[in-house]
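# Structure at a glance
This is what each chain is made of:
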Amino acid sequence: MARLRATPRLPAGQGRIEAIDLARGVAIALMILSHAVSGLLGIRQVPDWGMVPIHLLTKFSSSLFITVFGIALAVAFLPKTDAPDWPRRRLKLMLRGFEVLFWYKVLTVVEMLPLYSAPDILDTLLYRRFPIWVEILGFYAIALLWLPWVLPLWRRLPLWARCAGPLLVALVAGWLERHFAFWGIEPLKAILVEDADHYAWGQLSRLPLVMVGLLIGEAVLCCYRRPPARRRLALVLAAAGAVMLLGFVAISLPGLDEALVAVAWNVGKHPPALAFMLFSLGGALVILALCLLGGERGAAALGPITTIGSDALMAFIFHIVVIFLGFRFLFEAWQVYAYPQVLGIGLALILATAGWIALTRWIRERK
């Protein structure tokens, strides 16, 4: 009982944890593959063997990306929330939020330029509607503007409250999405808890994933540099992910095949539904467990993926520009290639993204 009432005691000075970069890189690599297929071909043109299993596996991406966001916050900033220089660190996080917000708006124009008229683009920039492929950056930007203010509160909460928090917030967000109209302002509802008519990532509806990431990040801080403890943590995460995947199977029977196809078609992604989240988060936790188990050796072995994860914003900028400004706008390559070709483009783009990040980093170091 004493442990349930305890606040976290977090060691500082862990340095960069490359296994976290690897997990983030896996999330972005899956995202690049999904965006290449949907951005150059459209999922309605994907053959059945492409939807399941290939496009289905990309559904782990969003939950993994947001959970790793929470882990990174815990590892890099949570131990320092009571330090004298916390206001400076909080400002650093918020400035990063404004930087992401800037690129979110720029990439919104890039995404929409080949597809929409100028008035539609302006409406999207003014939050009257939402883009699709770059909307995750919008969530990330807004979260960075307010989460730094609540991180000190999170650290003061007892363990039982931190563990119960994700479930409580998920229930509140679900109730608000179904029963509260937000004064008829659909964009506000979409930003906070999501709306069926808008492709947006809700701050409250996705906050439980960030909170789960914060909890995992606390454990990573305490366990990562001790291999036996890290292996136990990886086993717990893998077991939790497996239970969620089995839960998805259980609620999907006897129509499991139809349920897998529905998840591949994004049914239940916005707003989040139980079946989709069990599948997405379950797979994300298994991937995260494997990355932690591999540690620095695994990160080195999968160097291009780790490189992508080490600079998520640059990776996002690069692949969106290539797909939408390059292929769709300049080369007019919408539905020009067959599915296997688009799949190959996506895989090549993953490597190209890693190469671009490595090149720009090499140039900066030489300066």
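First, a word on what this report is: a plain description of the structure on this page. What you are looking at is a predicted structure, and each value in this text was computed from that prediction instead of being measured.

Here we take up the overall build of the protein chain. Within the protein chain, the regular secondary structure consists of 15 helices and zero strands. At 20 Å, the protein chain has a C-alpha radius of gyration in line with the 21 Å of a compact globule built from 367 residues. Projecting the C-alpha coordinates of the protein chain onto the three principal axes gives extents of approximately 60 × 55 × 40 Å. Relative to its 367 residues, the protein chain shows a buried fraction of 53%. Per element, the accessible surface of the protein chain, about 17000 Å² overall, is 69% carbon and sulfur. Treating the 34 positive side-chain charges of the protein chain as one cloud and the 22 negative ones as another, the clouds have centres 12 Å apart.

Bringing unusual backbone geometry into the picture now. With an omega dihedral of 5°, the bond running from Leu253 to Pro254 counts as a cis peptide bond. For the bond from His270 to Pro271, the omega torsion is -15°, close enough to zero to count as cis. Secondary-structure assignment places Pro271 in the loop between helix H11 (256-264) and helix H12 (274-301). Of note, Phe182 is a non-glycine position whose phi angle comes to about 55°, a positive value. Inspection of the secondary structure puts Phe182 in the loop between helix H7 (159-179) and helix H8 (186-192).

Under the defined criterion, the tally for this structure stands at 12 salt bridges. One network of salt bridges, with partners in common, ties together Arg16, Asp21 and Arg24.

In this structure, Leu285 sits in helix H12. Setting aside anything within four residues of it in sequence, one finds Leu285 in contact with Ile216, Leu237, Ala240, Gly241 and Met244.

Taken as a whole and judged by the stated rule, the model has 16 aromatic pairs. Three or more aromatic residues link up through ring pairs in this structure, and these residues are Phe60, Phe248 and Phe279. Directly above the ring of Tyr224 sits Arg230, whose terminal nitrogen or CZ lies 5.0 Å from the centroid.

Rules behind the numbers
Residues numbered from 1 in each chain as written. Predicted model: local features only at pLDDT ≥ 70, side-chain atom pairs only at ≥ 80, totals over all residues. Heavy atoms only, no water. Helix = DSSP H or I, 4+ residues; strand = E, 2+ residues; numbered from the N terminus. Rg over C-alpha atoms; globule rule 2.2 N^0.38 Å. Buried < 20%, exposed > 50% of the residue type's maximum accessible area, 1.4 Å probe, protein only. Areas by Shrake-Rupley, 256 points an atom, 1.4 Å probe, with all protein chains shown as cover. Lys, Arg positive; Asp, Glu negative; His and termini not counted. Charge placed at Lys NZ, Arg CZ, Asp CG, Glu CD. Salt bridge = Lys/Arg side-chain N within 4 Å of Asp/Glu carboxyl O. Contact = heavy atoms within 4.5 Å. Phe/Tyr/Trp six-rings, centres within 6.5 Å; stacked < 30°, edge-to-face > 60°. Lys NZ or Arg CZ within 6 Å of the ring centre and 35° of its normal.

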